[in-house]
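# Architecture and fold: a report
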Amino acid sequence: MIHEGVLRHRNARYLWVALLLILGSAVLYSTQRGLRPAGGGTWQGYVLGTIGALMIVWLAWLGIRKRSYSSTVGTTAGWTSAHIYLGIALMAVATLHCAAKFGWNVHTLAYVLMSAVVLSGMFGVYAYLSFPQKLSENRTGGSRAKLFAELYALDNEGREVARHCSASINTAVKSSIERTAIGGGVINQLLGRDRSLFILEDAGDESAKNGLTNNKDQQELIAYVSNRIPRVDKGVEAPNLESLLLILCRRQAVLRRIHRDIQLNAWLKLWLYVHVPLTIALLVALSIHILTTFFYW
Amino acid sequence: MGEKYKIAIVGAGPAGLSAAARAAEIDAKAKRSSPTYILLEGSPAHAKTIQRYQKGKHVMAEPSYLDLRSDLRFAAGKRELILNNWKEDYSRLGIHIRFDAAVRKITGKLGDFLIETGREAISAETVVLAIGLEGNPRKIGVPGEELAVQYQLDDPKEFTDETILVVGAGDAAIENALALSEQNDVWIVNRGKEFARAKDKNLSDVLAAINNGDSRLDCLYEARIKQIEARPNLSPPFSVVLDTAGGEKTIECHRVIARLGAEPPRKFVESIGINFPNARSDAIPNLSSRYESNVPGVYIIGSLAGYPLIKQAMNQGYDVAEFINGNDIKPADFPLVECQLRGLPFDLDPDVMLARFKGRIPMFGALNALAFRELVIESEVRVSYASNADFQAASSRVAKLIAANAAAGKRPRVTRVIREGDVIYKAGEFGTSFFTIVSGDVTLKPIEAGAVESQLHLGEFFGEMSLLSGRPRTETAIAGAACILVETPRRTMLKLMNSNEDVRKGIDWIFVVRELQRQFAPHATFAELRSIAANLKIQKYKAGDVVFTEGQIGDCLYVVRSGGITLTRKRDGQDALVAQIPSGELVGELALMGDPQRRETAKAAVASELIEVKRQAFVELTERGDARVLARLQEGASRRVTDIARMMVQPEAGSTMNFMMADGLGEATDVLIIDESLCVGCDNCEKACAETHGGIKRLDRKAGVTFANVHIPVACRHCEQPHCMKDCPPNAIRRSVTGEVFIDDTCIGCGNCQSNCPYGVIRMEYDAPKKPSLLAWLIAGLGPGLGEEPHYHPTAAAKDKGKKAVKCDACIDVKNGPACVKACPTGAAIRVGPSQFLDMIEERGR
């Protein structure tokens, strides 16, 4: 009733179910002796195969059950808990079914796809167990929308203060705000890459011709501004630059949180985009595998 | 002048117009050449109060169950339409009406009254006062007032780019100021520090506008106008000097609008010889059932008689004209009363029955006949029968009545026929209605094991506990033989308590007596507890108020009548929350059980009412001789101390509880809470909610507040005393017996509930269009997919129906419980009540 994670659902009853299943399958497998070698062809192999196939269909059915909101067959959390434990048990059942006999054929393809699905699922379990907490800590009680709101407020503040500074500082700050890169494609999100840029007017020759300089983590810009402070010509510049520096550092902190939020979220969600298409492929390969075994008969 | 009439009607509002219209029709039927009545109106046009409504205001036609009986038209609609319709009607009927004829004095007696306006004197046999409550607008009372001040605002758009002062802090002043500030610079001159009398929506709107730097509205608090001077040939043309908290201030403005309410016409009414029952400003003169006052021949109808609704006023106008002409008709709501009483075993005139009932209930002695009648009409009447034959006879009578009405397209309330021994309500059920026993007995069985049953008899009442605190019923009520009950809904009861001091005191007192019985002396009788109860005080607290402070010496305990209290202890200079006490429990009881020093500070988490029980009363109560009571109290106290200790050793738990209380969970009964360490953001909860609720989701997962992994999304908490229910005109928001607060389909989309909800959980939305099935979407990609379609396009039919209020209803219609919890794949979403808060928080600590 009170919050319990998906693995501990109902005192991890599905763990016991899975263990029992693995045990039963192992016992069944061990009864294979005699003329025919162990594998999918014996009656034990057929039984294990049927169990495995039914399990695969039931495991895939979670996608439908989780979207059947009026269903009274258990709860989604219960189904998910069972899905995880029995999905792992599937590896054992399938391996015992085929007695680890592989080749370059559609049957092994089905096995490989199944393993990929289960392994991606295991990564998913790891992701679901560890990332939400990290996400929550990174957000410190706020939300992503709140972080962005903070960022926009800082952007406005920064623009306002920069207006009172020298032209090159103004350009640098404005361009850094406009060219702050957040998120991006899948790889950028996963790696948390920051391709932010800014325009450094009096740059040396390492930078691109239009003055665009790398501003990863806003670091170059901060260095630029902080270097100006002890070198100001007019006294009135210094306090402006100092408050600007403060704003830029706060911005850097918020952006770090946002980047981390995006990165964690990407890892949290991405595996499902691998898990589900592989499952569809598995179902196709499985159907072909089952169909062709009838030809052997 | 020598004009003599049978009836002189004073005031051409809906009541007066209706009376005149009826009198005109009676004359027409009798083919009289000259009218036997005259309608006098002080202003130049009819319906002065409604003329003063803001342009375009929507006027409602409550109560919906009452039929209109008048020769004039009336239905809900815009102010302009209603006024126009009346004008057409009274012109068509040729009503004898005289404008600009303000009545200054009425003297004389039945058969020979003299009515003096400024210019003439009119004689009449009878007088009907339909002058309403508005009276003349109150003036500011400062020099220069006549130059610049106006007392009403017809069209806020009339002025542009002016500087305007609005004097007043009530709803009218706020509405005018907000409307004007769209095109003008507006100052509100508020005599006080806040807007205490304003409706919730107006209050939040005006504060938002004042605090918003971009708006053109500002407020001067604790300010009064001292004088107004003209500035000839200058713009703006007036200079206003004000006394403010920060000294004198002068503002130049174009006009001043004073919305200070109106002088009630009480003095004028009393000058005729009419008596009011007391000095309170909301007192209503005593009237007979024909609206005749204590002065024979003078009748009072409309808001002055205590009926502020237009439809009722019009019905009364019709009725009074008939009565005066000697026609003893039944009032327009007579069929309603008839239906209510049809199931009773008496063959008496319903009015006679009502009079008898009223006489049996001492607490209602102060109500006038009309008010009692209205109470019964808004309530449900139940009657129990012992013998099966009687039960069947009554049931078939009532069934015939229902059928006859259904044929005419009506569904009035009818008597509810039950058997002796039937359960009226069960302990643990949610219900907020109040029961009065007009005849027979009722047995109450409290929920606690071994507690004593009590029997209530005619003239007594029950159910007040849930009425006042919003808690579930603490006892089971069983109908005795031949009992007749009047079940009154909460809104009506609260209205009655607010307008009638005797009723309020009576109910408060019984509440206290029964609470004392429940907590301390289950075997004591009412008589024994009566004197103790009379001496106990009920204290009211606003959210955040302190009840007692840590370190004080305490000499009393408190029973939480309604609301919730938090206990905090100082630790390292900080306030750590150590307990949360819901309504129905005790606070500070240890001070009377061995530890006189308060170990915690007690604060009201939400608006609360507490019964204070001092040591002497406590000793008297517990000395009743039942050792079990004291043992139970001590057990409760030691449990409380242990809980507090548990919270003390987990400071994070206290902070989390603090956070939850700050978000208003102190008044929640069923709230959705998400564990952020388990939530993966899949939004399946929102999708499930939308798919089981017509495509509109009732919760916003991402929104809401978070603290230490506890996230409270924006969704209804089913408060103990729901704010949304406060002001629902069609009474569409109700609470089921299992506690869910839901909105039914009689919602008219007025938005009051949305404004009143402090947690922003109610949305006003059109119906969502139907979507293709799940399989069609999964396989063929048809439709927008699961969950609420963002920016959906409602069909023309849905747009016609209008926006209706939608909110979480705890899946009252969905099998197997809340969809959000059942759809969460990781177990992050749970729904809890306050009794589980502590367990939930402690789990985190483990």
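Note that the coordinates shown come from a computational prediction; the quantities given were computed from them, not determined experimentally.

In terms of regular secondary structure, chain A is built from 10 helices and two strands. N-terminal to C-terminal, the α/β element order of chain A is α-α-α-α-α-α-α-α-β-β-α-α. The C-alpha atoms of chain A give 29 Å as radius of gyration, which overshoots the globular expectation for 297 residues (19 Å, by more than 25%). Counting only C-alpha atoms and orienting by the principal axes, one finds that chain A spans roughly 95 × 50 × 30 Å.

This part covers the overall build of chain B. Helix and strand content of chain B: 25 helices and 44 strands. Its C-alpha atoms give chain B a radius of gyration of 31 Å, near enough to 28 Å, the size a compact globule of 846 residues would have. Counting every position in chain B, which comprises 846 residues, the buried fraction comes to 52%. Long-range contacts, defined as pairs at least 24 residues apart, comprise 69% of the intrachain contacts of chain B with a sequence gap of at least 6.

Turning next to the interface of chain B and chain A. Opposite the 37 residues of chain B that make contact, chain A presents 26 residues. Of the roughly 2700 Å² buried where chain B meets chain A, counting both sides, 60% is carbon and sulfur surface. Broken down residue by residue, the surface that chain B buries against chain A is led by Val680, Lys822 and Pro825 of chain B, which jointly contribute 21%. Counting across the chain B and chain A interface gives zero salt bridges. Breaking the side of chain B that touches chain A down by element, the ones donating at least two residues are β37 (671-675), α20 (684-691), α22 (774-780), α24 (819-823), β44 (829-832) and α25 (837-845) of chain B. Of the residues assigned to the side of chain B that touches chain A, the class counts are 17 nonpolar, 10 polar and 10 charged.

The next subject is the nonpolar core. All names here are of chain B. With 64 residues, the main nonpolar core has Trp86, Ile95, Ile106, Ile115 and Leu129 as its most contacted residues. Among the elements that make up this core, the one with the highest residue count is helix α1 (residues 14-29) (seven residues). The residues contacting tryptophan 86, other than those within four sequence positions of it, are Pro14, Leu17, His46, Ala47, Ile50, Leu72, Arg73, Phe74, Ile310 and Met314. Counting residues in each nonpolar core, the second largest holds 63 residues, with Val383, Ile484, Val513 and Val613 among its members.

All names here are of chain A. Each assigned domain of chain A is listed with its residue range as follows: domain 1 (2-137 + 268-295) and domain 2 (144-265). Residue-level contacts link seven residues of domain 1 with seven residues of domain 2. Summed over both sides, the interface between domain 1 and domain 2 buries roughly 590 Å², with carbon and sulfur atoms accounting for 59% of that surface. Among the residues domain 1 hides against domain 2, the three largest losses belong to Lys134, Leu135 and Leu270. Together they make up 63% of the total. At the surface where domain 1 touches domain 2, the tally comes to zero salt bridges. Going through the elements one at a time, α5 (106-139) and α10 (237-296) are the ones with two or more residues in the side of domain 1 that touches domain 2. Top contributing element to the side of domain 1 that touches domain 2 by residue count: α5, with four residues. The class makeup of the residues in the side of domain 1 that touches domain 2 is four nonpolar, no polar and three charged.

Time to look at a nonpolar patch on the surface. On the surface, Leu272, Val276, Ile280, Val284 and Ile288 of chain A cluster together into a nonpolar patch covering about 400 Å² of accessible area. On the secondary structure map, isoleucine 280 of chain A appears in helix α10.

Residues and elements named next belong to chain B. Relative to the helices and strands, glutamate 380 resides in strand β20 (residues 380-385). We classify glutamate 380 as partly exposed; its relative accessible area is 21%. Considering only alpha carbons, one finds glutamate 380 and leucine 485, 105 residues apart in sequence, at a separation of 8.2 Å. A distance of 3.4 Å separates polar atoms of two side chains, one belonging to glutamate 380 and the other to arginine 416.

All names here are of chain B. The strand order across the open sheet formed by four strands is β38-β39-β37-β44, and the pairing between neighbours is antiparallel. Whereas interior strands pair on both sides, the edge strands pair on one side only; in this sheet they are β38 (700-707) and β44. Along the sheet, successive strands turn relative to each other by an average axial angle of 40 degrees, direction set aside. Note that β37 and β44 share four bridges and pair antiparallel.

Before going further, it helps to examine the packing of aromatic side chains. Using the criterion set out here, one finds 18 aromatic pairs over all chains in the structure. Residues phenylalanine 148 of chain A and tyrosine 152 of chain A carry aromatic rings whose centres are separated by 6.0 Å and whose planes lie at 40 degrees to one another, so their mutual orientation is tilted. Taken together, the positions of phenylalanine 148 of chain A and tyrosine 152 of chain A, both in helix α6 (residues 144-163) and four residues apart, correspond to about one turn of that helix. Ring pairs connect the aromatic residues Phe123, Tyr126, Phe131 and Trp267 of chain A, which therefore count as one cluster. The ring centre of phenylalanine 548 of chain B lies 4.0 Å from the NZ or CZ of arginine 598 of chain B, which sits over that ring.

So, on to the sheet that holds strand β21 (residues 416-419) of chain B. Strand order across the open sheet formed by five strands is β21-β20-β28-β23-β26 (chain B), with mixed pairing between neighbours. Looking at strand neighbours, the two that pair on one side only are β21 and β26 (461-462) of chain B, the edges of this open sheet.

Moving on: the side chain of glutamine 316 of chain B. All names here are of chain B. When you line up the elements, glutamine 316 lands in helix α8 (residues 310-324). With a relative accessible area of 3%, glutamine 316 lands in the buried category. Polar side-chain contacts of glutamine 316 include one of 2.9 Å to the backbone nitrogen of glycine 302.

Residues and elements named next belong to chain B. Applying the stated criterion across every chain, the model contains 55 salt bridges over all chains. Residues arginine 373 and aspartate 351 are paired through a salt bridge, measuring 2.8 Å at the closest nitrogen-oxygen approach. In this pair, arginine 373 sits in helix α11 (residues 369-378) while aspartate 351 sits in helix α10 (residues 350-360), placing the two residues 22 residues apart along the sequence. Among the salt bridges present, the one from lysine 540 reaches glutamate 609, with a minimum N-O distance of 3.3 Å.

Residues and elements named next belong to chain B. Most of helix α9 (residues 334-341) sits out of view: six of its eight residues are buried. Here α9 has its buried residues at Phe334, Leu336, Val337, Cys339, Gln340 and Leu341. On its buried face, α9 sits against α10, α11, β20 and α12 (388-407).

Our focus in this paragraph is the side chain of threonine 443 of chain B. All names here are of chain B. Among the secondary structure elements, threonine 443 is positioned in strand β24 (residues 442-446). For threonine 443, the side chain forms a polar contact with the side chain of glutamine 455, separated by 3.0 Å. The contacts of threonine 443, once residues within four sequence positions are left out, are Glu453, Ser454, Gln455, Thr476, Ala477 and Ile478.

Right, let's talk about the state of the cysteines for a bit. Residues and elements named next belong to chain B. Taken as a whole, this structure holds zero disulfides over all chains when the rule is applied. In this structure cysteine 253 is a free cysteine whose sulfur lies 16 Å from that of cysteine 219, the closest cysteine sulfur available. The closest cysteine sulfur to the non-disulfide-bonded cysteine 808 is located on cysteine 716, 5.5 Å from its own sulfur. On the accessibility criterion, cysteine 808 (9% relative accessible area) is buried.

Moving on, we get to unusual backbone geometry. Residues and elements named next belong to chain B. Here serine 235 and proline 236 are connected by a cis peptide whose omega angle stands at 0 degrees. By the element assignment, proline 236 lies in the loop between β14 (224-230) and β15 (238-244). A positive phi angle, close to 65 degrees, is found at aspartate 683, a residue other than glycine. Among the secondary structure elements, aspartate 683 is positioned in the loop between β37 and α20.

Turning to the confidence of the model for chain B, a few remarks are in order. Across chain B, the average pLDDT comes to 86, with 98% of residues at or above 70. Reported confidence for the predicted complex is 0.89 by ipTM and 0.72 by pTM.

Right, let's talk about the pairing of strand β12 (residues 185-189) of chain B for a bit. Residues and elements named next belong to chain B. Two strands pair when backbone bridges link them, and strand β11 (residues 163-167) and β12 are joined in this way by five bridges, in the parallel orientation. Note on β12: the bridge partner recorded for isoleucine 164 is valine 186. Of the strand pairs in this sheet, β12 and strand β13 (residues 217-220) are connected by four bridges, and their pairing is parallel. Within β13, the position partnered with valine 186 by the bridge is leucine 217.

Thresholds applied
Residues numbered from 1 in each chain as written. Chains lettered and ligands numbered in written order. Predicted model: local features only at pLDDT ≥ 70, side-chain atom pairs only at ≥ 80, totals over all residues. Heavy atoms only, no water. Helix = DSSP H or I, 4+ residues; strand = E, 2+ residues; numbered from the N terminus. Rg over C-alpha atoms; globule rule 2.2 N^0.38 Å. Buried < 20%, exposed > 50% of the residue type's maximum accessible area, 1.4 Å probe, protein only. Contact = heavy atoms within 4.5 Å. Buried area = accessible area lost by both parts, 1.4 Å probe. Salt bridge = Lys/Arg side-chain N within 4 Å of Asp/Glu carboxyl O. Nonpolar A, V, L, I, M, F, W, Y, C, P; charged D, E, K, R; others polar. Core = buried A, V, L, I, M, F, W, Y, C linked by side-chain atoms within 4.5 Å. Domains from an automatic or database assignment. Patch = residues over 30% accessible without salt bridge, like charges linked within 9 Å, V, L, I, M, F, W, Y side chains within 5 Å. Areas by Shrake-Rupley, 256 points an atom, 1.4 Å probe, with all protein chains shown as cover. Polar contact = N/O pair within 3.5 Å; in protein donor to acceptor, adjacent residues only side chain to side chain. Pairing = 2+ DSSP bridges. Axes fitted to C-alpha atoms, helices over the stretch in contact; angles between N-to-C directions. Phe/Tyr/Trp six-rings, centres within 6.5 Å; stacked < 30°, edge-to-face > 60°. Lys NZ or Arg CZ within 6 Å of the ring centre and 35° of its normal. Disulfide = S-S within 2.5 Å. pLDDT = per-residue confidence, 0-100.

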